[in-house]
Amino acid sequence: MEENLEQNKSRLSSEYDEAFFQMLQSFQNNLKGASDQCSENTYSFLYPSFGDQFFNERKILIYGQCLNGKWKPTFNLKETINRNIIDQGWEFSNTVNPGEASPLDWVNKYWLDYSMYRSFFWNVAYKLTNKIMGIGDYKNSEGWSKYMGWSNLMKIGNVVGKNPNPIEYDAQIKSAIKLFKMELDEIRPEIVILLAGTRYGSDFIHQFGLEPNVKKDKFVIATAKVNESKLILTTRPKVGSNEKCVEEIIETINQF
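Cut-offs used in this document
Residues numbered from 1 in each chain as written. Predicted model: local features only at pLDDT ≥ 70, side-chain atom pairs only at ≥ 80, totals over all residues. Heavy atoms only, no water. 1 Å grid on protein atoms, 1.4 Å probe; cavity = no way out; pocket = protein on both sides within 12 Å on 5 of 7 lines; lining within 4 Å. Points joined across faces, edges and corners; volume = space filled by probe spheres on them. Helix = DSSP H or I, 4+ residues; strand = E, 2+ residues; numbered from the N terminus. Nonpolar A, V, L, I, M, F, W, Y, C, P; charged D, E, K, R; others polar. Pairing = 2+ DSSP bridges. Contact = heavy atoms within 4.5 Å. Axes fitted to C-alpha atoms, helices over the stretch in contact; angles between N-to-C directions. Buried < 20%, exposed > 50% of the residue type's maximum accessible area, 1.4 Å probe, protein only. Arc of directions from axis to C-beta. Core = buried A, V, L, I, M, F, W, Y, C linked by side-chain atoms within 4.5 Å.

Enquirer: Looking at this structure, I do not really get the layout of surface pockets. What am I missing?
Expert: Over the atoms rolls a probe the size of a water molecule, and its path tells where empty space is left. In this structure, the largest pocket occupies an estimated 1,100 Å³ of space. Taken together, 35 residues form the lining of the largest pocket, with Asn-68, Gly-69, Trp-106, Met-116 and Trp-122 sitting closest to its centre. The biggest single contributor to the lining of the largest pocket is helix H6 (residues 120–132), with 3 residues. By residue class, the composition of the lining of the largest pocket is 15 nonpolar, 13 polar and 7 charged.

Now the structure itself:
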């Protein structure tokens, strides 16, 4: 990795980092006592990742459900972790690697090699960000990666790429909600998109006293104003028109 991180921008508070570390420890402890079925698993986690221009605009932060496959660093239930693992997570998520224009430019770089073009999430994310930033050729421009912030609702995922099972979900949900609130308080983006569906999103929006409140749209499920952020929860289909989803989100943003 190249040493070109902008620590004061991409690094969240020491309180956030401590809460993140406590979540990892709690996750380990909860799973150790819950079931043998997770004992041999390897896990990774996502420290929020930001385009190098994100904090100049604080325009759009998009949440997914959970990591879908390998990320770094990794840990298992048997090893003792220390606070350096949070440093490693922040660095991995926010480093610009050779041949990349920003920490999120890896999506553009591996669009074909990793079949990113099949991802409903990343298709919506890049097109929506380009549109919000006023980039005319929103379908083809790679400029979005400079301006978007990316996080996940469920922070910890199995490196084999499966969504959290019920045991893994229960082992992190309280901490994940706490980190979600801290992220909104510290980052304060103008637009927050939860591209996660009700299976994952409901527990998070419920913390703001919010329930699904949009019935007429196919993709948009709920909206709210949190601090000064426009928060929108959408469905997360495996297949569907990402163009229609982007269109609905833009319409909803304009209605706030």
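Enquirer: Which parts of the structure should I look at to understand the sheet that holds strand E7 (residues 191–195)?
Expert: Picture the strands of a sheet paired through backbone hydrogen bonds; they go either parallel or antiparallel. Judged by pairing direction, the sheet is mixed, and its 6 strands sit side by side in the order E2-E5-E3-E7-E9-E8 without closing on themselves. The strands lining the two open edges of the sheet, one partner per strand, are strand E2 (49–50) and strand E8 (220–226). Where E2 meets strand E5 (residues 148–152), 2 bridges bridge the pair, whose relative direction is antiparallel. Note that in E5 the partner of Phe-50 across the bridge is Gly-149. Taken strand by strand, H6 contacts strand E3 (60–64), E5 and E7, and its axis lies near 170° from that of E3. Its contacts with the sheet place helix H9 (residues 197–205) against E7, E8 and strand E9 (229–234), and it is angled at close to 145° to E9.

Enquirer: What am I meant to see in the pairing of E7 here?
Expert: Each regular strand displays side chains that alternate between the two surfaces of the sheet. Across the 5 residues that make up E7, a large majority, 5, are buried. Going residue by residue along E7, you find Ile-191, Ile-193 and Leu-195 tucked away on one face and Val-192 and Leu-194 tucked away on the opposite face as well. Here E7 runs beside E9; their pairing, made up of 5 bridges, is parallel. Bridge pairing in E9 places Leu-195 opposite Thr-234.

Enquirer: Can you help me understand H9 in this one?
Expert: Structurally, the α-helix is built with 3.6 residues per turn, so residues lying three or four positions apart point the same way. Those residues of H9 not exposed but buried are Gly-197, Tyr-200, Gly-201, Phe-204 and Ile-205. Buried residues of H9, seen end-on, are gathered within an arc of 120° and therefore sit on one face of the element. Next to the buried residues of H9 lie helix H7 (166–170), helix H8 (173–187), E7, E8 and E9.

Enquirer: Quick question: what am I supposed to make of the environment of Gly-69 here?
Expert: If you trace the backbone, Gly-69 turns up in the loop between E3 and strand E4 (74–76). With residues up to four places along the chain from it excluded, the contact list for Gly-69 reads Ser-44, Asn-158, Val-159 and Gly-161.

Enquirer: Would you mind going over the pairing of E5 with me for this structure?
Expert: With 5 of its 5 residues buried, E5 lies for the most part within the structure. Alternating residues of E5 divide into Met-148, Trp-150 and Asn-152 and Gly-149 and Ser-151, and every residue in both groups is buried. Two elements, E3 and E5, share 5 bridges in a ladder whose sense is parallel. The residue of E5 that forms the bridge with Leu-61 is Gly-149.

Enquirer: Mind showing me how you'd approach the nonpolar core here?
Expert: Counting residues in each nonpolar core, the largest one holds 51 residues, and the members touching the most others are Phe-20, Leu-24, Phe-75 and Leu-194. Apart from the residues within four sequence positions on either side, Leu-24 is in contact with Phe-45, Phe-75, Ile-81, Ile-85, Ile-86 and Ile-156.

Function cannot be inferred from these measures alone, as they are strictly geometric.
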